[in-house]
Amino acid sequence: MPRGVRKSPLVKLRDELKDTQDSIEQYKTAIKTLQEKEKQIQEEIKLEEFKEVSTILEEQNMSLTELKELLISKAEIEQGS
């Protein structure tokens, strides 16, 4: 029984090239999506860290200005050492 025309080596190679190019595009899209997700997660981490600092400030009855002054004075002391 005839099965149809066989593909030539050139046609097979072109098909393989097309499949490879399609795969590359899919991976590029996946990488871009993952990079956007990475940025979003990093922003969420920053927000959670700020929430923790805010909670500590409230527990210590400190203002943000007082914390800033404390950190600056500590940095100046360490630089002087």
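See above for the structure.
Residues numbered from 1 in each chain as written. Predicted model: local features only at pLDDT ≥ 70, side-chain atom pairs only at ≥ 80, totals over all residues. Heavy atoms only, no water.

S.K.: Please explain the overall build of the chain as it appears in this structure.
M.R.: In terms of regular secondary structure, the chain is built from 2 helices and 0 strands. For the chain, whose C-alpha radius of gyration is 30 Å, the value lies well above the compact-globule estimate of 12 Å for 81 residues. Along the three orthogonal principal directions, the C-alpha set of the chain runs to about 90 × 30 × 15 Å. Looking at the chain as a whole, 2% of its 81 residues qualify as buried. Element-wise, carbon and sulfur atoms account for 57% of the exposed surface of the chain, whose accessible area totals about 8300 Å². Distance between charge centres in the chain, computed from 14 positive and 18 negative side chains, equals 19 Å. (Helix = DSSP H or I, 4+ residues; strand = E, 2+ residues; numbered from the N terminus. Rg over C-alpha atoms; globule rule 2.2 N^0.38 Å. Buried < 20%, exposed > 50% of the residue type's maximum accessible area, 1.4 Å probe, protein only. Areas by Shrake-Rupley, 256 points an atom, 1.4 Å probe, with all protein chains shown as cover. Lys, Arg positive; Asp, Glu negative; His and termini not counted. Charge placed at Lys NZ, Arg CZ, Asp CG, Glu CD.)

S.K.: Looking at this structure, I do not really get helix 2 (residues 64-80). What am I missing?
M.R.: Because the α-helix completes a turn every 3.6 residues, residues three or four places apart line up on one side. Between its terminal C-alpha atoms helix 2 stretches 24 Å, which fits the 24 Å expected from 17 residues at 1.5 Å a residue. Burial analysis of helix 2 places just 1 of its 17 residues in the buried class, which makes it a mostly uncovered element. (Expected span 1.5 Å × (residues − 1).)

S.K.: For this particular structure, what's the right way to read the pattern of salt bridges?
M.R.: Side chains carrying opposite charge are able to pair once their charged atoms draw close together. Under the defined criterion, the tally for this structure stands at 6 salt bridges. Between Glu 25 and Lys 28 there is a salt bridge, with the nearest N and O atoms lying 3.8 Å from each other. Pair noted here: Glu 25 and Lys 28 are both in helix 1 (residues 9-59), with a separation of 3 residues, about one helical turn. Here Lys 51 ties to Glu 48 by a salt bridge, and the two come within 3.4 Å at their closest N and O atoms. Separated by 3 residues within a single helix, Lys 51 and Glu 48 lie in helix 1, roughly one turn from each other. Residue classification places Lys 51 among the partly exposed positions, given a relative accessible area of 44%. (Salt bridge = Lys/Arg side-chain N within 4 Å of Asp/Glu carboxyl O.)

S.K.: What is the right way to read unusual backbone geometry from this model?
M.R.: With the exception of glycine, the majority of residues adopt a negative phi angle, and the majority of peptide bonds are in the trans configuration. With a phi close to 55°, Asn 61 is a non-glycine residue in the positive phi region. Among the structural elements, Asn 61 can be located in the loop between helix 1 and helix 2. Its relative accessible area of 69% is what places Asn 61 among the exposed residues.

S.K.: Is there a simple way to explain helix 1 in this structure?
M.R.: A rise of 1.5 Å per residue sets the reference length of helix 1, with its 51 residues, at 75 Å; its end C-alpha atoms lie 74 Å apart and thus fit the reference within 8%. Positive backbone phi, at 55°, marks Asn 61, one or two positions downstream of helix 1.

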